[in-house]
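The primary structure of each chain is shown beneath.
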Amino acid sequence: MVTNVIAIANQKGGVAKTTTAINLSACLSELGKRVLLVDLDPQGNATSGMGIVKNKLTRCIYDVLINDVPLEQVIMKTEQKGLKVVPARIELAGAEIELVSQSSREAKLRKAIDDVKNDYDFIFIDCPPSLGLLTINALTAATDVIIPIQCEYYALEGLTLLMNTLDRVRKHLNPKLNILGALLTMFDARTNLSIQVVDEVKKYFPQKVFRNIVPRNVRLSEAPSHGKAINTYDSRSRGAEVYRDLAKEVLERV
Ligand code: ADP
Ligand code: MG
(Lines give C-alpha, C1' and ligand atoms only; values in the text may rest on other atoms or scores of the structure.)
(Ligands and ions follow the chains in the order given, each with its own letter.)
Protein backbone atom coordinates (compact mmCIF):
# COMPACT_ATOMS: atom_id res chain seq x y z
CA MET A 1 0.00 0.00 0.00
CA VAL A 2 1.32 3.45 -0.87
CA THR A 3 1.38 5.91 1.99
CA ASN A 4 -1.48 8.36 2.00
CA VAL A 5 -0.40 11.71 3.37
CA ILE A 6 -3.57 13.60 4.22
CA ALA A 7 -3.65 17.25 5.26
CA ILE A 8 -6.69 18.32 7.26
CA ALA A 9 -7.04 21.92 6.21
CA ASN A 10 -9.35 24.91 6.43
CA GLN A 11 -8.08 28.33 7.47
CA LYS A 12 -11.20 28.82 9.57
CA GLY A 13 -10.76 27.94 13.22
CA GLY A 14 -13.19 25.73 15.09
CA VAL A 15 -14.43 23.68 12.13
CA ALA A 16 -13.22 20.34 13.63
CA LYS A 17 -9.85 19.97 11.90
CA THR A 18 -8.17 18.69 15.06
CA THR A 19 -11.14 16.57 16.13
CA THR A 20 -11.14 14.94 12.71
CA ALA A 21 -7.34 14.50 12.59
CA ILE A 22 -7.30 12.76 15.98
CA ASN A 23 -10.35 10.56 15.56
CA LEU A 24 -9.79 9.55 11.96
CA SER A 25 -6.20 8.64 12.86
CA ALA A 26 -7.38 6.59 15.82
CA CYS A 27 -10.14 4.81 13.91
CA LEU A 28 -7.83 3.90 11.03
CA SER A 29 -5.28 2.50 13.46
CA GLU A 30 -8.10 0.51 15.03
CA LEU A 31 -8.60 -1.05 11.58
CA GLY A 32 -4.99 -2.20 11.69
CA LYS A 33 -3.46 0.64 9.69
CA ARG A 34 -0.12 2.12 10.72
CA VAL A 35 -0.87 5.78 11.32
CA LEU A 36 1.22 8.85 12.10
CA LEU A 37 -0.50 12.05 13.22
CA VAL A 38 1.59 15.18 12.68
CA ASP A 39 0.50 18.20 14.71
CA LEU A 40 1.30 21.30 12.65
CA ASP A 41 -0.68 23.81 14.71
CA PRO A 42 1.30 25.86 17.27
CA GLN A 43 -1.71 25.53 19.60
CA GLY A 44 -0.78 21.85 19.91
CA ASN A 45 -4.37 20.69 20.37
CA ALA A 46 -3.80 17.39 18.59
CA THR A 47 -0.78 16.82 20.84
CA SER A 48 -2.61 17.37 24.12
CA GLY A 49 -5.72 15.70 22.73
CA MET A 50 -3.67 12.51 22.36
CA GLY A 51 -2.58 12.70 25.99
CA ILE A 52 0.89 14.15 25.45
CA VAL A 53 1.95 16.67 28.11
CA LYS A 54 3.42 19.54 26.13
CA ASN A 55 5.62 21.12 28.78
CA LYS A 56 7.46 17.84 29.29
CA LEU A 57 8.59 17.71 25.68
CA THR A 58 12.16 18.48 24.75
CA ARG A 59 11.51 18.55 21.01
CA CYS A 60 8.64 19.03 18.61
CA ILE A 61 7.88 19.50 14.91
CA TYR A 62 9.46 22.97 15.16
CA ASP A 63 12.91 21.36 15.53
CA VAL A 64 12.28 19.26 12.42
CA LEU A 65 11.32 22.26 10.29
CA ILE A 66 13.87 24.74 11.61
CA ASN A 67 16.76 22.79 13.17
CA ASP A 68 16.79 19.84 10.74
CA VAL A 69 16.19 17.26 13.48
CA PRO A 70 15.10 14.01 11.74
CA LEU A 71 11.35 13.42 12.06
CA GLU A 72 12.08 9.92 13.39
CA GLN A 73 13.53 11.47 16.55
CA VAL A 74 10.36 13.41 17.36
CA ILE A 75 7.82 10.62 16.88
CA MET A 76 6.02 9.55 20.06
CA LYS A 77 4.04 6.44 20.90
CA THR A 78 0.46 6.71 22.14
CA GLU A 79 -1.84 4.46 24.15
CA GLN A 80 -3.46 3.46 20.88
CA LYS A 81 -1.66 0.60 19.17
CA GLY A 82 -0.50 1.53 15.68
CA LEU A 83 -0.93 5.28 16.20
CA LYS A 84 2.06 7.57 16.69
CA VAL A 85 2.20 11.33 17.05
CA VAL A 86 4.59 14.11 16.12
CA PRO A 87 3.86 16.79 18.71
CA ALA A 88 3.71 20.58 18.38
CA ARG A 89 4.28 23.29 20.92
CA ILE A 90 3.74 27.02 20.86
CA GLU A 91 7.30 27.69 19.63
CA LEU A 92 6.06 26.40 16.27
CA ALA A 93 4.39 29.79 15.87
CA GLY A 94 7.87 31.22 15.24
CA ALA A 95 8.45 28.84 12.34
CA GLU A 96 5.91 30.70 10.23
CA ILE A 97 8.37 33.63 10.12
CA GLU A 98 11.67 31.77 10.47
CA LEU A 99 10.90 29.58 7.47
CA VAL A 100 10.67 32.61 5.18
CA SER A 101 14.45 32.97 4.91
CA GLN A 102 15.15 29.26 4.42
CA SER A 103 15.75 27.55 1.10
CA SER A 104 12.98 25.19 -0.08
CA ARG A 105 10.90 26.67 2.70
CA GLU A 106 7.66 25.15 1.35
CA ALA A 107 9.09 21.62 1.12
CA LYS A 108 10.62 21.19 4.58
CA LEU A 109 7.85 18.96 5.86
CA ARG A 110 7.70 16.87 2.69
CA LYS A 111 11.42 16.19 2.97
CA ALA A 112 11.10 15.21 6.63
CA ILE A 113 8.13 12.94 5.95
CA ASP A 114 9.88 11.22 3.03
CA ASP A 115 12.35 9.66 5.48
CA VAL A 116 9.66 7.88 7.54
CA LYS A 117 6.95 7.38 4.94
CA ASN A 118 7.53 3.67 4.44
CA ASP A 119 6.71 2.93 8.07
CA TYR A 120 3.09 4.14 7.74
CA ASP A 121 -0.07 3.55 5.74
CA PHE A 122 -1.51 6.94 6.66
CA ILE A 123 0.07 10.18 7.73
CA PHE A 124 -2.37 12.88 8.85
CA ILE A 125 -1.33 16.51 9.17
CA ASP A 126 -3.43 18.72 11.45
CA CYS A 127 -3.11 22.23 9.97
CA PRO A 128 -3.29 25.55 11.80
CA PRO A 129 -6.17 27.97 11.10
CA SER A 130 -4.29 30.03 8.51
CA LEU A 131 -2.96 29.74 4.96
CA GLY A 132 0.62 30.64 5.89
CA LEU A 133 3.82 28.70 5.34
CA LEU A 134 2.90 25.94 7.79
CA THR A 135 -0.26 25.07 5.88
CA ILE A 136 1.64 25.42 2.59
CA ASN A 137 4.18 22.91 3.95
CA ALA A 138 1.33 20.53 4.77
CA LEU A 139 -0.24 20.89 1.32
CA THR A 140 3.15 20.40 -0.34
CA ALA A 141 3.80 17.22 1.65
CA ALA A 142 0.31 15.82 1.14
CA THR A 143 -1.10 13.42 -1.42
CA ASP A 144 -4.62 14.42 -0.39
CA VAL A 145 -6.52 17.02 1.55
CA ILE A 146 -9.66 16.72 3.66
CA ILE A 147 -11.60 19.94 4.21
CA PRO A 148 -13.80 19.95 7.33
CA ILE A 149 -16.72 22.35 7.12
CA GLN A 150 -18.85 23.29 10.08
CA CYS A 151 -22.61 23.30 9.52
CA GLU A 152 -22.98 26.94 10.59
CA TYR A 153 -23.65 30.39 9.18
CA TYR A 154 -21.04 31.41 6.61
CA ALA A 155 -19.95 27.78 6.13
CA LEU A 156 -18.76 28.55 2.61
CA GLU A 157 -17.00 31.76 3.55
CA GLY A 158 -13.29 31.57 2.86
CA LEU A 159 -13.55 28.42 0.75
CA THR A 160 -12.70 30.30 -2.46
CA LEU A 161 -9.48 31.49 -0.86
CA LEU A 162 -8.69 27.92 0.21
CA MET A 163 -9.40 26.62 -3.31
CA ASN A 164 -7.14 29.31 -4.81
CA THR A 165 -4.39 28.25 -2.42
CA LEU A 166 -4.80 24.61 -3.45
CA ASP A 167 -4.57 25.66 -7.11
CA ARG A 168 -1.40 27.63 -6.45
CA VAL A 169 0.17 24.72 -4.58
CA ARG A 170 -0.72 22.38 -7.46
CA LYS A 171 0.76 24.75 -9.99
CA HIS A 172 4.06 25.42 -8.27
CA LEU A 173 4.76 22.77 -5.63
CA ASN A 174 2.62 19.64 -5.71
CA PRO A 175 0.82 18.94 -9.03
CA LYS A 176 -0.89 15.76 -7.83
CA LEU A 177 -2.52 17.17 -4.70
CA ASN A 178 -6.02 15.69 -4.58
CA ILE A 179 -9.09 16.78 -2.65
CA LEU A 180 -10.11 13.55 -0.96
CA GLY A 181 -13.29 15.11 0.32
CA ALA A 182 -15.17 17.79 2.18
CA LEU A 183 -16.39 16.69 5.60
CA LEU A 184 -19.50 18.22 7.12
CA THR A 185 -19.14 18.60 10.88
CA MET A 186 -21.22 19.60 13.92
CA PHE A 187 -24.42 18.81 12.05
CA ASP A 188 -27.58 19.43 14.03
CA ALA A 189 -30.55 17.62 12.49
CA ARG A 190 -32.97 19.84 14.44
CA THR A 191 -32.03 22.97 12.55
CA ASN A 192 -32.95 23.97 9.02
CA LEU A 193 -29.65 25.76 8.87
CA SER A 194 -27.64 22.55 9.13
CA ILE A 195 -29.71 20.94 6.38
CA GLN A 196 -29.29 24.04 4.21
CA VAL A 197 -25.51 24.05 4.69
CA VAL A 198 -25.30 20.39 3.64
CA ASP A 199 -27.07 21.30 0.36
CA GLU A 200 -24.85 24.31 -0.26
CA VAL A 201 -21.65 22.39 0.37
CA LYS A 202 -22.77 19.54 -1.90
CA LYS A 203 -23.32 22.11 -4.65
CA TYR A 204 -19.92 23.66 -4.05
CA PHE A 205 -18.11 20.30 -4.01
CA PRO A 206 -19.98 18.01 -6.43
CA GLN A 207 -19.13 14.34 -5.77
CA LYS A 208 -16.63 15.31 -3.09
CA VAL A 209 -18.68 15.49 0.11
CA PHE A 210 -18.22 12.48 2.41
CA ARG A 211 -21.51 10.62 2.85
CA ASN A 212 -20.71 10.35 6.57
CA ILE A 213 -21.66 13.60 8.27
CA VAL A 214 -20.40 14.26 11.80
CA PRO A 215 -23.22 15.30 14.14
CA ARG A 216 -22.79 17.48 17.18
CA ASN A 217 -21.83 15.07 19.92
CA VAL A 218 -20.80 16.17 23.37
CA ARG A 219 -18.56 13.13 23.86
CA LEU A 220 -16.42 14.33 20.94
CA SER A 221 -15.85 17.65 22.70
CA GLU A 222 -15.07 15.99 26.05
CA ALA A 223 -12.55 13.44 24.80
CA PRO A 224 -9.55 15.80 24.28
CA SER A 225 -9.53 16.92 27.92
CA HIS A 226 -9.05 13.24 28.83
CA GLY A 227 -6.19 12.92 26.32
CA LYS A 228 -8.09 10.29 24.39
CA ALA A 229 -9.50 9.73 20.95
CA ILE A 230 -13.24 9.05 20.87
CA ASN A 231 -12.92 5.31 20.22
CA THR A 232 -11.18 4.82 23.56
CA TYR A 233 -12.92 7.62 25.48
CA ASP A 234 -16.44 6.42 24.67
CA SER A 235 -16.37 3.56 22.22
CA ARG A 236 -20.15 3.39 21.90
CA SER A 237 -20.85 7.07 21.43
CA ARG A 238 -22.39 8.42 18.26
CA GLY A 239 -19.14 10.29 17.64
CA ALA A 240 -17.13 7.06 17.75
CA GLU A 241 -19.56 5.36 15.36
CA VAL A 242 -19.37 8.16 12.83
CA TYR A 243 -15.59 8.46 12.84
CA ARG A 244 -15.32 4.67 12.48
CA ASP A 245 -17.62 4.80 9.45
CA LEU A 246 -15.68 7.74 8.07
CA ALA A 247 -12.44 5.76 8.42
CA LYS A 248 -13.97 3.04 6.23
CA GLU A 249 -15.17 5.64 3.74
CA VAL A 250 -11.65 7.07 3.56
CA LEU A 251 -10.34 3.56 2.83
CA GLU A 252 -12.80 3.32 -0.07
CA ARG A 253 -11.61 6.63 -1.49
CA VAL A 254 -7.84 6.33 -1.34
P1 ADP B 1 -10.25 23.24 14.65
O2 ADP B 1 -9.09 22.30 14.82
O3 ADP B 1 -10.73 23.33 13.23
O4 ADP B 1 -9.99 24.59 15.22
P5 ADP B 1 -11.54 21.64 16.69
O6 ADP B 1 -11.41 20.23 16.22
O7 ADP B 1 -10.58 22.09 17.74
O8 ADP B 1 -11.50 22.64 15.45
O9 ADP B 1 -13.03 21.84 17.17
C10 ADP B 1 -13.48 23.07 17.69
C11 ADP B 1 -14.31 22.82 18.94
O12 ADP B 1 -15.48 22.11 18.61
C13 ADP B 1 -13.57 21.96 19.95
O14 ADP B 1 -13.91 22.41 21.24
C15 ADP B 1 -14.12 20.56 19.69
O16 ADP B 1 -14.08 19.75 20.85
C17 ADP B 1 -15.55 20.88 19.30
N18 ADP B 1 -16.10 19.88 18.37
C19 ADP B 1 -15.55 19.41 17.23
N20 ADP B 1 -16.36 18.53 16.62
C21 ADP B 1 -17.46 18.43 17.39
C22 ADP B 1 -18.70 17.69 17.30
N23 ADP B 1 -18.96 16.88 16.26
N24 ADP B 1 -19.60 17.83 18.28
C25 ADP B 1 -19.37 18.66 19.32
N26 ADP B 1 -18.26 19.39 19.47
C27 ADP B 1 -17.31 19.28 18.52
MG1 MG C 1 -7.16 22.67 15.50
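For clarity, every value in this text was computed on a predicted model and none was experimentally measured. (Residues numbered from 1 in each chain as written. Chains lettered and ligands numbered in written order. Predicted model: local features only at pLDDT ≥ 70, side-chain atom pairs only at ≥ 80, totals over all residues. Heavy atoms only, no water.)

Caption draft 1: Local environment of the UniProt feature "domain: AAA" (unreviewed entry) in the protein. Those places that UniProt annotates as "domain: AAA" (unreviewed entry) correspond, in this numbering, to residues 4-179. Helix makes up 36% of residues 4-179 and strand makes up 17%, while its end C-alpha atoms are separated by 12 Å. (UniProt positions renumbered as here; feature names shortened; annotations may be inferred. Helix = DSSP H or I, 4+ residues; strand = E, 2+ residues; numbered from the N terminus.)

Caption draft 2: Structural detail: unusual backbone geometry. Although it is not a glycine, aspartate 68 sits at a positive phi angle of roughly 55°. For serine 104, which is not glycine, the phi dihedral falls at a positive 45°. One can find serine 104 in the loop between α4 (92-98) and α5 (108-114).

Caption draft 3: Broad picture of the sheet that holds strand β4 (residues 83-86). Read across the sheet, 7 strands follow the order β3-β4-β2-β5-β1-β6-β7 without closing on themselves; strand pairing throughout is mixed. The open sheet has two edge strands, β3 (76-77) and β7 (178-185), and neither has a second partner. Strand contacts of helix α8 (residues 192-204): β6 (144-150) and β7, with the helix running at about 170° to β7, the strand carrying the most contacts. Lying over the sheet, helix α11 (residues 238-253) contacts β1 (4-8), β5 (122-126), β6 and β7, oriented at roughly 160° with respect to β7. (Pairing = 2+ DSSP bridges. Contact = heavy atoms within 4.5 Å. Axes fitted to C-alpha atoms, helices over the stretch in contact; angles between N-to-C directions.)

Caption draft 4: α8, seen in detail. Compared with an ideal rise of 1.5 Å per residue, which puts 13 residues at 18 Å, α8 spans 18 Å between its outermost C-alpha atoms and is within 8% of the ideal. Lining the buried residues of α8 we find β6 and β7. (Expected span 1.5 Å × (residues − 1).)

Caption draft 5: Quick peek at the side chain of arginine 89. Following the sequence through the fold, arginine 89 ends up in the loop between β4 and α4. For arginine 89, a relative accessible area of 17% gives the class buried. Residues contacting arginine 89, with those up to four places away along its chain left out, are Pro42, Lys54, Leu57, Thr58 and Cys60. (Buried < 20%, exposed > 50% of the residue type's maximum accessible area, 1.4 Å probe, protein only.)

Caption draft 6: Structural context of the pattern of salt bridges. Considering all chains together, one arrives at 14 salt bridges under this definition. With a closest N to O distance of 2.6 Å, glutamate 222 and arginine 219 form a salt bridge. Taken together, the positions of glutamate 222 and arginine 219, both in helix α9 (residues 218-222) and 3 residues apart, correspond to about one turn of that helix. Residue glutamate 241 is joined to arginine 238 by a salt bridge in which the shortest nitrogen-to-oxygen separation is 2.9 Å. Linking glutamate 241 with arginine 238, this pair stays in helix α11, spanning 3 residues, or about one helical turn. Overall, glutamate 241 belongs to the partly exposed group, its relative accessible area being 39%. On the basis of relative accessible area, arginine 238 is assigned to the partly exposed category, the value being 42%. The network of salt bridges with common partners includes Arg211, Glu249, Glu252 and Arg253. (Salt bridge = Lys/Arg side-chain N within 4 Å of Asp/Glu carboxyl O.)

Caption draft 7: Here's a closer look at helix α7 (residues 159-172). Spanning 14 residues, α7 covers 20 Å between terminal C-alpha atoms, matching the ideal 20 Å at 1.5 Å per step. When α7 is considered as a whole, its buried residues turn out to be Leu159, Leu162, Met163, Thr165, Leu166 and Val169. Viewed end-on, α7 has its buried residues packed into an arc of 160°, placing them on one side of the element. Away from its buried face, by an angle of more than 90 degrees, α7 presents the exposed residues Lys171 and His172. In this fold, the buried residues of α7 make contact with α6 (133-141), β6, β7 and α8. (Arc of directions from axis to C-beta.)

Caption draft 8: Structural detail: the packing of aromatic side chains. One pass over the structure, following the stated rule, counts 3 aromatic pairs. Between phenylalanine 122 and phenylalanine 124, the aromatic rings sit 5.9 Å apart at their centres with planes inclined by 10°, giving stacked as the arrangement. Phenylalanine 124 matches phenylalanine 122 in its accessibility class, with the two residues each being buried. For the ring pair tyrosine 204 and phenylalanine 205, a centre distance of 5.0 Å and an interplane angle of 65° mean the geometry is edge-to-face. (Phe/Tyr/Trp six-rings, centres within 6.5 Å; stacked < 30°, edge-to-face > 60°.)

Caption draft 9: The site of ligand 1, seen in detail. In the neighbourhood of ligand 1, 14 residues make up the surrounding shell, with Gly14, Thr18, Thr19, Pro215 and Asn217 lying closest. In the environment of ligand 1, an oxygen atom lies 2.9 Å from a nitrogen or oxygen atom belonging to the backbone of lysine 17. With respect to ligand 1, the backbone of proline 215 contributes an N or O atom lying 2.9 Å from a nitrogen atom. Compared with its free state, where it exposes 560 Å², ligand 1 has 77% of that area covered by protein. Going through the elements one at a time, α1 (17-30) and α9 are the ones with two or more residues in the shell around ligand 1. It is α1 that provides the largest number of residues to the shell around ligand 1, a total of 3 residues. Split by residue class, the shell around ligand 1 holds 6 nonpolar, 6 polar and 2 charged. (Near = heavy atom within 4 Å. Polar contact = N/O pair within 3.5 Å; in protein donor to acceptor, adjacent residues only side chain to side chain. Areas by Shrake-Rupley, 256 points an atom, 1.4 Å probe, with all protein chains shown as cover. Nonpolar A, V, L, I, M, F, W, Y, C, P; charged D, E, K, R; others polar.)

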